[in-house]
Amino acid sequence: MEFSYIIEGGDFSKAGSASSEVKKILKQLNLAPEKIKKIAVAMYEAEVNIVAHAYKGVMEGKIDAEKVFLRFRDEGPGIEDVDKAMQEGFSTASEEVRQMGFGAGMGLPNIRKNSDSLKVSSEVGKGTTVEITSYINN
Amino acid sequence: MSGRNFHHALKILEEVCIGCTHCMKACPTEALRIRQGKAQLMEDRCIDCGRCMEVCPVSAISIEQDDFEDIFKYAVRVALVPSVLIGQFPRHYAARKIYSGILEQGFTHVYEAEHGASLLIRQINQYLEQHADPRPVISSFCPAIVRLIQVRFPSLVENIILLKAPLDIAAISFKKELMERGYDEKEIGIFYVTPCAAKIAAIKSPVGELSSPITGVIKQDDIFNKVYTSFKKEEKSTCIVPEKEQLRAEEMGWSLTGGESRHINGRCLAIDGISNAIEFLEQIENGSVSNFEFIELRACDESCAGGILTTANRFLVSERLQERVLKYNADFKEGKIIDNKSIDRHTEYLVDHIALENIEPRSMMKLDDDMEAAMKKMDSIQKLLGYLPGIDCGACGAPSCKTLAEDIVQKRAKTSDCIFVQNALAVAPGKPDKAEKIWGINRFDKLVP
């Protein structure tokens, strides 16, 4: 099955609402609780990344018997050095964003930790695509 | 529905129920439906929080209890009372007077349920020190919250601390104390005076333990009515004032909001009210709240002071308990408190008996055990939601269009249960649709395939 949700940039009051919807879907599909927990953390991080950095984005998902695949595409500033962004603690978030409890530089590393595969591609000035795959039976 | 039987304290009185949908709309786990004009409970979803009872306009939802006469089957009859009970009475009735009043009803002993709290605080802090994972640890105190997590947040079950509640610890301790005084275990009946439905369910079908140390349950409002009536009649107290074992300050305030978190080391949070709890559990599940050691969650507003079986206003109850804490602290400073608690003599034994067994997740949300079947059902639900009006009126007997769609795919309901679908099918072509007056033109075009 497939689904997609629009994510607005800059609106922190709604950050996490798309993830909550998908989490409901995963619960209804009866995925193992520990799996749901990991996917929930990964997609929430990815969603907040779009809210914090991009103008707008979309979360597209595809679930089959083997895996949960989530793609986060955004229109935004892009990431200059993807490898650097994958390091723990690296952050370009503004002070304002950090005060809200976001932007600690744990986003991408946390996604990697909670998924089976993470692919990040980015073009400076255009946007970023984050692809997360979690296998259901491993 | 699953084959397991869950004991529920909440019962729907069919002869009283008017099928008005209030309870169905208030239920946080979508456990109620209207069938044949009466509210019907889905047993595996109900968490005994009591919200339905609170909103029922005709008092058609009741809480069952043990027959009061049952206490007389035992030679030793202990009333295990929560400290919020004192808060039900006007302030000029001292705790000793109230406990004498309870004894007059036929009990031989009154013992406060929070006596186990000091020990539990030490055990929780020790647990947090010894276990770095998982975080945040969630309190197991409120049984409605434990059940809520089991059915709605199965992935957080492992965060629940596996330690018993103070009332269980108090019951185990007092039973041991009485046995050491020479009573036979069979002679001892321990009856908990409960301020809520969830505790009844927890005692009758415990989660995480095989059996409860508590013999039976009496509703707090019943005891209050009995005792207060006797006060009003000014019956002479013939009872000996109960032997004095005083709660400590942290124990007196335990069941109020913040009663746990205040005494736990590290960053903690206390949350009361079921919708607040749900909102926060969502966030914990997202991993968006980090660096918390311990979360106290209570289903009722103002925690146990707002229990469904409390008679007095929850804020006044809370105030009276807080005053009691202040008085204790002042007395303590002046050296007036003799801290002589029988429970302290049993510490070692209690520490050995404080652990809960595993708590199992039992998701109510899964559409099917088989994932592919679940996916098919989810597709059907999405399609149905394209047709249903999205008003969540409840006239179909389900709390929302989404739950109706789920019920339809689970074969618990039919599409034609929707009154708007019925209306759309009934309106003859070319004739005015009266529903349009309220809901706007073309609003329900989608209802007709």
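Residues numbered from 1 in each chain as written. Chains lettered and ligands numbered in written order. Predicted model: local features only at pLDDT ≥ 70, side-chain atom pairs only at ≥ 80, totals over all residues. Heavy atoms only, no water.

Student: Teacher, can you tell me more about helix 13 (residues 371-387) of chain B here?
Tutor: An α-helical turn contains 3.6 residues, so any two residues separated by three or four positions project in the same direction. Its 17 residues place the ends of helix 13 of chain B 25 Å apart at the C-alpha level, agreeing with the 24 Å of an ideal helix rising 1.5 Å per residue. Buried within helix 13 of chain B we find Met371, Ala374, Met375, Lys377, Met378, Ile381 and Leu384 of chain B. Residues of helix 13 of chain B that are buried in the fold lie against helix 1 (17-28) and strand 2 (56-63) of chain A together with helix 14 (401-409) of chain B. (Helix = DSSP H or I, 4+ residues; strand = E, 2+ residues; numbered from the N terminus. Expected span 1.5 Å × (residues − 1). Buried < 20%, exposed > 50% of the residue type's maximum accessible area, 1.4 Å probe, protein only. Contact = heavy atoms within 4.5 Å.)

Student: For this particular structure, what's the right way to read the interface of chain A and chain B?
Tutor: Note on interface size: it is often stated as the accessible area lost on association of the parts. Taken together, the 20 residues of chain A in the interface contact 27 residues of chain B. The largest share of the area that chain A buries against chain B comes from Lys27, Gln28 and Lys37 of chain A, three residues that together contribute 35% of it. Summed over the shared surface of chain A and chain B, the number is 12 residue pairs in polar contact (both at pLDDT 80 or more). Secondary-structure elements contributing two or more residues to the side of chain A that touches chain B are helix 1 and helix 2 (33-53) of chain A. With six residues, helix 1 of chain A is the single largest residue contributor to the side of chain A that touches chain B. (Buried area = accessible area lost by both parts, 1.4 Å probe. Polar contact = N/O pair within 3.5 Å; in protein donor to acceptor, adjacent residues only side chain to side chain.)

Student: Looking at this model, I keep getting lost on the packing of aromatic side chains. Mind explaining?
Tutor: Aromatic ring pairs are reported here in terms of the distance separating the ring centres and the angle at which the planes meet. All names here are of chain B. Summed over the entire model, instances satisfying the criterion amount to 15 aromatic pairs over all chains. With a centroid separation of 5.8 Å and 90° between ring planes, the pair formed by Phe68 and Phe107 is classed as edge-to-face. Linking Phe68 in the loop between strand 4 (61-63) and strand 5 (76-81) with Phe107 in the loop between helix 3 (95-104) and strand 6 (109-112), this pair joins segments that are 39 residues apart in sequence. Residues Phe89 and Tyr93 carry aromatic rings whose centres are separated by 6.5 Å and whose planes lie at 75° to one another, so their mutual orientation is edge-to-face. Phe89 gets classed as buried once you look at its relative accessible area, which sits at 3%. Over the face of the ring belonging to Phe68 we find Lys226, whose NZ or CZ atom lies 4.1 Å from the ring centre. Against the face of Phe292 rests Arg267, its NZ or CZ located 3.8 Å from the ring centre. (Phe/Tyr/Trp six-rings, centres within 6.5 Å; stacked < 30°, edge-to-face > 60°. Lys NZ or Arg CZ within 6 Å of the ring centre and 35° of its normal.)

Student: Explain the pattern of salt bridges to me, please; I cannot follow it from the model alone.
Tutor: Oppositely charged side chains may form a pair once their charged atoms are brought near each other. Residues and elements named next belong to chain B. Tallied over the entire structure, the rule returns 40 salt bridges over all chains. Between Arg33 and Asp407 there is a salt bridge, and its shortest N-O distance comes to 2.5 Å. Placement of the pair is Arg33 in strand 2 (residues 32-35) and Asp407 in helix 14, with a sequence separation of 374 residues. We classify Asp407 as buried; its relative accessible area is 0%. One salt bridge in this structure joins Glu319 and Arg91, with 3.9 Å as the shortest N-O distance. (Salt bridge = Lys/Arg side-chain N within 4 Å of Asp/Glu carboxyl O.)

Student: Which parts of the structure should I look at to understand helix 8 (residues 220-232) of chain B?
Tutor: All names here are of chain B. Given a rise of 1.5 Å per residue, 13 residues ought to cover 18 Å, and the 18 Å separating the end C-alpha atoms of helix 8 matches this to within 8%. Residues of helix 8 that are buried include every one of Gln220, Ile223, Phe224, Val227, Ser230 and Phe231, and no others. Seen from one end, helix 8 has its buried residues packed into an arc of 140°, which puts them on one side. Residues of helix 8 that are buried in the fold lie against helix 3, strand 8 (188-194) and strand 9 (216-219). With its phi angle positive at about 50°, Glu234 sits one or two positions after the end of helix 8. (Arc of directions from axis to C-beta.)

Student: Explanation requested: the domain arrangement of chain B in the structure shown.
Tutor: All names here are of chain B. Partitioning chain B into domains gives domain 1 (10-63), domain 2 (68-133 + 153-254 + 302-352) and domain 3 (371-447). The distance between the C-alpha centroids of domain 1 and domain 2 comes to 29 Å. The partner domain 2 presents eight residues to the seven residues of domain 1 that form the contact. Of the roughly 630 Å² buried where domain 1 meets domain 2, counting both sides, 68% is carbon and sulfur surface. When the buried area of domain 1 at its contact with domain 2 is split by residue, Asp48, Glu54 and Ile63 rank highest and sum to 73% of it. At the surface where domain 1 touches domain 2, the tally comes to one salt bridge. The salt bridge involving Arg314 is made with Glu54; its shortest N-O contact spans 3.6 Å. Linking domain 1 with domain 2 are two residue pairs in polar contact (both at pLDDT 80 or more). Each residue belonging to the side of domain 1 that touches domain 2 can be placed in one class, and the counts come to four nonpolar, one polar and two charged. (Domains from an automatic or database assignment. Nonpolar A, V, L, I, M, F, W, Y, C, P; charged D, E, K, R; others polar.)

Student: Explanation requested: the sheet that holds strand 5 (residues 127-135) of chain A in the structure shown.
Tutor: What links the strands of a sheet is backbone hydrogen bonding, and the strands pair in either a parallel or an antiparallel sense. Residues and elements named next belong to chain A. Spatially, 1-2-3-5-4 is the arrangement adopted by the five strands of the open sheet, whose pairing is antiparallel. At either margin of the open sheet sits one strand with a lone partner, and together these are strand 1 (2-8) and strand 4 (117-123). Each neighbouring strand pair of the sheet contributes to a mean axis angle of 10°, computed without reference to strand direction. Judged from the eight bridges that link them, strand 2 and strand 3 (residues 67-75) form a sheet pairing that is antiparallel. Bridge pairing in strand 3 links Glu60 to Arg71. Here helix 1 sits on the sheet and contacts strand 1, strand 2 and strand 3; the angle it forms with strand 1, its principal contact strand, is near 160°. (Pairing = 2+ DSSP bridges. Axes fitted to C-alpha atoms, helices over the stretch in contact; angles between N-to-C directions.)

Student: Can you walk me through the side chain of Ser134 of chain A in this structure?
Tutor: Residues and elements named next belong to chain A. Relative to the elements of secondary structure, Ser134 occurs in strand 5. Residue classification places Ser134 among the buried residues on the basis of a relative accessible area of 4%. When neighbours within four sequence positions are excluded, Ser134 is seen to be in contact with Lys35, Ile39, Glu66, Lys67, Val68, Asn114, Ser115 and Asp116.

Student: I would appreciate a short explanation of the state of the cysteines in the present structure.
Tutor: By definition, a disulfide links the sulfur atoms of two cysteine residues through a covalent bond. Residues and elements named next belong to chain B. Applying the stated criterion across every chain, the model contains zero disulfides over all chains. Just so you know, Cys393 is unpaired, no disulfide at all, and the nearest cysteine sulfur is the one on Cys396, 6.1 Å from it. Taking the relative accessible area as the measure of exposure, Cys393 reaches 38% and is therefore partly exposed. (Disulfide = S-S within 2.5 Å.)

Student: Just to check I follow, could you spell out the sheet that holds strand 9 of chain B for this structure?
Tutor: All names here are of chain B. Here four strands make up an open sheet; going across it, the order is 6-5-8-9 and the pairing parallel. The open sheet has two edge strands, strand 6 and strand 9, and neither has a second partner. In this sheet, adjacent strand axes meet at a mean angle of 30° when their direction is disregarded. As defined by bridge partners, strand 5 adjoins strand 6 across four bridges and the pair is classed as parallel. Paired with Leu80 across the two strands is Tyr111, which belongs to strand 6. Packed onto the sheet, helix 3 meets strand 5 and strand 6 and runs at close to 135° relative to strand 6.

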